[in-house]
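Breakdown of the fold
Residues per chain, in single letters:
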Amino acid sequence: MKYIITKDNQSISRFSLGCMNLPLGNTKEINDILRLALEFGVNFFDTADLYQYGRNEATVGPLLHDYMKHFDIKIGTKVGNEFDSALREKIRWNPSGDYINRAAIDSKLRLGIPSIDLYQLHGGTIEDNIDETIATFEELKRRGIIKSYGISSIRKNVIDYYKENSNIATLMTDLSILKTQGEEFLDENIVTLARGGLMQGLLSNKHENVLEKKFNKGTYGYTYDELKQMLMMLTDYNHSLESIAFKYLDYMNVVTLNGVSSAKQLEQNIGHYLDAESISNDEIKEIRGNIKTLYYENHRE
């Protein structure tokens, strides 16, 4: 396994696990997923307080705790979406210092860890009191409640502000070989955590069904016909779509956040990730050259 070092000197596995879709009602299956990931070399696990309104943190943290004596484990979670855990509903977007302070303690307790390895703002707008949010993250870091912080966003104006006015170590954003908008945000001083690398299964051996069911009106700046043409182009190469997708992210020097709902799915994706090593940099550059560069049109100013 390869790793990326953040500016806070944290080592994050290049292939990491997104926990949002874990089957919370099946503890054995989650344990199988976590052990398989750990044995492969995964050391970073991404969750959020909003996922299942706290249940995801409360499930993943204690299960990972059982492995911490034998594995290097880092847990990242997110904040900003105030919610009612009893009613299981979101209340509002709240990036205030007071709320983030309270939410950080709540997340730490649910996860059962002494300090949150990576605390990320789960969204954000340019109208937020961003300086207050930044000051709160810095204070949480100083107090040892968190070790590092970042943001999860696709808004250029928000991302630019944090890059220029904070010490964010990471940026989580959408990025895939077809959804190239995220390339604009890449920064050698900030580790990018790429979500959506397989585009909800569009970049998989089930691409025909996924295209018809999920993307029959087009998406991400493509018409349906353009997406179909791009997929036909990608399938002309002697590699699985999953391996091409993973190789692209590896070539872009980002962390691949792979979300799964079963151990079998993770095992298959690990296989594709390993197969991606057979794709040369020159070949992935050629493939990327056949795909248009896209930009987010909103939230630029």
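Note: the structure precedes this text.
Residues numbered from 1 in each chain as written. Predicted model: local features only at pLDDT ≥ 70, side-chain atom pairs only at ≥ 80, totals over all residues. Heavy atoms only, no water.

Some points on the layout of surface pockets
Regions of empty space are outlined by a rolling probe, equal in size to a water molecule, passed over the atoms. Volume-wise, the largest pocket comes out at about 1,100 Å³. Those elements that place two or more of their residues in the lining of the largest pocket are strand 10 (170-174), helix 6 (207-214), helix 8 (241-251), strand 12 (255-259) and helix 9 (263-275). Considered class by class, the residues forming the lining of the largest pocket number 12 nonpolar, 19 polar and eight charged. In this structure, the second largest pocket encloses a volume near 160 Å³. Around the second largest pocket, the lining residues are Ile4, Leu186, Asp187, Glu188, Asn189, Ile190, Val191, Thr192, Met252, Asn253 and Val254. Residue composition of the lining of the second largest pocket, grouped by class: six nonpolar, three polar and two charged. (1 Å grid on protein atoms, 1.4 Å probe; cavity = no way out; pocket = protein on both sides within 12 Å on 5 of 7 lines; lining within 4 Å. Points joined across faces, edges and corners; volume = space filled by probe spheres on them. Helix = DSSP H or I, 4+ residues; strand = E, 2+ residues; numbered from the N terminus. Nonpolar A, V, L, I, M, F, W, Y, C, P; charged D, E, K, R; others polar.)

Things to note about the packing of aromatic side chains
Here the structure, examined in full by the defined rule, presents 11 aromatic pairs. Look at Tyr67 and Phe71: their rings are 6.3 Å apart centre to centre, the planes differ by 70°, and that puts the pair in the edge-to-face class. Look at Phe71 and you get partly exposed, because its relative accessible area is 24%. Measuring from ring centre to ring centre gives 6.2 Å for Phe215 and Tyr220, while their planes differ by 45°; the resulting arrangement is tilted. Pairwise contacts between aromatic rings join Phe15, Phe40, Phe246 and Tyr273 into one cluster. (Phe/Tyr/Trp six-rings, centres within 6.5 Å; stacked < 30°, edge-to-face > 60°. Buried < 20%, exposed > 50% of the residue type's maximum accessible area, 1.4 Å probe, protein only.)

Some points on the packing of helix 8 against helix 9
Axes are the key here: two packed helices are described by the angle between their axes and the distance separating the axes. Packing of helix 8 against helix 9 brings their axes to within 8 Å, and their N-to-C directions diverge by 60°. In terms of their interaxial angle, helix 8 and helix 9 are classed as oblique. The handedness of the crossing between helix 8 and helix 9 is right-handed. Every residue of helix 9 that contacts helix 8 at Glu242, Ser243, Phe246 and Asp250 is listed here: Asn269, His272, Tyr273 and Asp275. Looking at the contact of helix 8 with helix 9 residue by residue, the classes come out as two nonpolar, three polar and three charged. (Axes fitted to C-alpha atoms, helices over the stretch in contact; angles between N-to-C directions. Parallel < 35°, antiparallel > 145°, perpendicular 65-115°, else oblique. Left-handed = near helix turned anticlockwise from the far one by under 90°. Contact = heavy atoms within 4.5 Å.)

Observations concerning the pattern of salt bridges
Pairs may arise between side chains of opposite charge once their charged atoms sit close together. By the definition in use, this model includes 18 salt bridges. Residue Asp72 pairs with Lys74 through a salt bridge whose shortest N-O separation is 3.0 Å. Where Lys292 meets Glu226, a salt bridge forms, and the shortest distance between an N and an O atom there is 3.5 Å. Here the residue Lys292 occupies a position in the segment after helix 10 (281-289), and Glu226 occupies one in helix 7 (residues 224-235), the gap between them amounting to 66 residues. The class of Lys292 is partly exposed, set by a relative accessible area of 34%. One salt-bridge network, held together by shared partners, links Lys2, Arg14 and Asp250. (Salt bridge = Lys/Arg side-chain N within 4 Å of Asp/Glu carboxyl O.)

Some points on the nonpolar core
Counting 83 residues, the largest nonpolar core has Leu17, Phe45, Tyr119, Ile177, Leu178, Leu234 and Ile291 as its most contacted members. In this structure, Ile4, Ile12, Leu118 and Val191 belong to the second largest nonpolar core, which totals nine residues. (Core = buried A, V, L, I, M, F, W, Y, C linked by side-chain atoms within 4.5 Å.)

Quick notes on unusual backbone geometry
Unusually for a residue other than glycine, Tyr53 sits at a positive phi of about 55°. Structurally, Tyr53 can be placed in the loop between strand 4 (44-46) and helix 2 (55-65). Overall, the relative accessible area of 24% leaves Tyr53 in the partly exposed class. Positive phi outside glycine occurs at Asn253, with the angle close to 65°. Secondary-structure assignment places Asn253 in the loop between helix 8 and strand 12.

Let's talk about the packing of helix 1 (residues 27-40) against helix 2
Direction vectors running N to C along helix 1 and helix 2 enclose 60°, while the axes themselves pass 11 Å from each other. In terms of axis orientation, helix 1 runs oblique to helix 2. Viewed along their axes, helix 1 and helix 2 form a crossing whose handedness is right-handed. On helix 2, the residues that touch Thr27, Ile30, Asn31 and Leu34 of helix 1 are Thr59, Leu63 and Leu64. Split into classes, the residues belonging to the contact of helix 1 with helix 2 amount to four nonpolar, three polar and no charged.

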